[in-house]
Amino acid sequence: LQWYRALRPAGLRWALVPSVLLGLFFLLGVTVHFVWPIVATLHLATPRPEDPSFQAVDGLYQLVRARYFLPLGAGAFLCVLLGSAAVAAAILTGRTQFPRWFALCTPALPVFLAYQLAPYVPAPVGGYLRANFLHLIIPILFALSTWLLTRKAPSTPPEPGDLASH
């Protein structure tokens, strides 16, 4: 809602499209992150093919991966790319409440950079960064946007003879 309001001065289309796409991204991402760790952990907990439960767990793992994780993950990826491009385009119109440089802070670019740079960060920090890159970037982006949207514009001294100065 915060970003929608900040983008709204550029027009309904500029505010609605990225808000819907990024909203879908968050919904799909939460859904994937809720189910996938449970199934993947269960799969890792039964590592031996001779274990009687292995076939059932492996079947569940493969089914969830093929029908759930991959399609929803691809949908989330597409939504974050398109939503981020739409946010950047809206900001670059110059008619939003964000400064133009904030177009670099749409979710896709910082997330991609954090994910790509994490392997070069020494352990154990790099491992945490790679595993949690999205969970770290999104709060930072919202904190930055909150700061931008709530800070006071610098005041300018009144011109000599200005009636407002009296």
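Look up: the structure comes first, before these words.
No experiment lies behind these values; they were computed from the predicted model shown.

When you go through the chain residue by residue, the secondary structure sums to five helices and zero strands. Ordered by position from N to C terminus, the α and β elements of the chain give α-α-α-α-α. Each of the 166 residues in the chain was classed as buried or not, and the buried ones make up 31%. Intrachain contacts of the chain at a sequence separation of at least 6 include 63% that bridge at least 24 residues.

A few words now on helix α3 (residues 54-92). Taking 1.5 Å of rise per residue, the 39 residues of α3 would be expected to cover 57 Å, and the 53 Å separating its terminal C-alpha atoms lies within 8% of that figure. At Arg65, α3 shows its strongest bend, of approximately 45°.

Of note, Thr106 is situated in the loop between α3 and α4 (108-117). Residue Thr106 is classed as buried on the basis of its relative accessible area of 4%. Contacts of Thr106, omitting those with residues within four sequence positions, involve Ser84, Val87, Ala88 and Leu141.

Next up on the list: the packing of helix α2 (residues 12-45) against α3. Each packed pair of helices is defined by two parameters, the angle between the axes and the distance between the axes. Here α2 crosses α3 at 155°, and the two axes come no closer than 7 Å. Viewed along their axes, α2 and α3 adopt a mutual orientation that is roughly antiparallel. The two elements α2 and α3 meet at a crossing, and its hand is left-handed. Here the residues of the contact of α2 with α3 are counted per class, giving 29 nonpolar, seven polar and two charged.

The subject of this paragraph is unusual backbone geometry. Following Ala123, the chain continues into Pro124 via a peptide bond in cis, with omega recorded as 0°. Residue position: Pro124 is located in the loop between α4 and α5 (125-150).

What follows concerns the environment of Ala86. The topology assignment puts Ala86 in helix α3. Classification of Ala86 by relative accessible area gives buried; the value is 14%. As a C-alpha pair, Ala86 and Arg13 span 73 residues in sequence and 9.7 Å in three-dimensional space. Residues in contact with Ala86, not counting those within four places in the same chain, are Trp14, Val17 and Pro18.

Moving on: the layout of surface pockets. By volume, the largest pocket amounts to about 630 Å³. If you list the elements that add at least two residues to the lining of the largest pocket, you get α2, α3, α4 and α5. Tallying contributions element by element places α3 first for the lining of the largest pocket, with six residues. Per-class residue counts for the lining of the largest pocket are 14 nonpolar, four polar and one charged. By volume, the second largest pocket is sized at about 190 Å³. Examining the composition of the lining of the second largest pocket, we find that five residues originate from one element, α2, more than from any other. Tallied by class, the residues present in the lining of the second largest pocket amount to 12 nonpolar, three polar and no charged.

Quick notes on the rules
Position numbers for residues start from 1 in each chain and track the written sequence from start to end. Under the rules for a predicted model, residues below a pLDDT of 70 receive no local features and side-chain atom pairs below 80 are neither given nor counted, while totals for whole chains, interfaces and linings still include all residues. Water and hydrogen atoms were dropped before computing side-chain values, which therefore reflect all heavy atoms in the structure. Helix and strand assignments follow DSSP, with helices taken as H or I runs no shorter than four residues and strands as E runs no shorter than two, numbered in order from the N terminus. Accessible area is worked out with a 1.4 Å probe on protein chains only. A residue is then buried under 20% of its type maximum, exposed over 50%, and partly exposed in between. The contact definition used throughout considers only heavy atoms, calling two residues in contact when any of these lie within 4.5 Å. Each helix should span, by expectation, one fewer than its residue count multiplied by 1.5 Å. We define the bend at any residue as the angle between the axes fitted to the seven residues before and including it, ending there, and the seven starting there. Inter-axis angles, ranging from 0 to 180 degrees, are taken between N-to-C directions of lines fitted to C-alpha atoms, where helices are fitted over the stretch in contact. Any angle from 65 to 115 degrees is called roughly perpendicular, while one under 35 is roughly parallel, one over 145 is roughly antiparallel, and all others are oblique. By convention, the crossing between two helices is left-handed when the near helix turns anticlockwise from the far helix through less than a right angle, and right-handed when the turn is clockwise. Residues are sorted three ways: Asp, Glu, Lys and Arg are charged, Ala, Val, Leu, Ile, Met, Phe, Trp, Tyr, Cys and Pro are nonpolar, and all the rest, Gly among them, are polar. Put plainly, a pocket is an open set of points on a 1 Å grid over the protein atoms alone with protein on both sides within 12 Å along at least five of seven lines, a cavity is a set where a 1.4 Å probe fits but cannot get out, and a lining residue has an atom within 4 Å of a point. Grid points are joined across faces, edges and corners, and a volume is the space filled by probe spheres set on the points.

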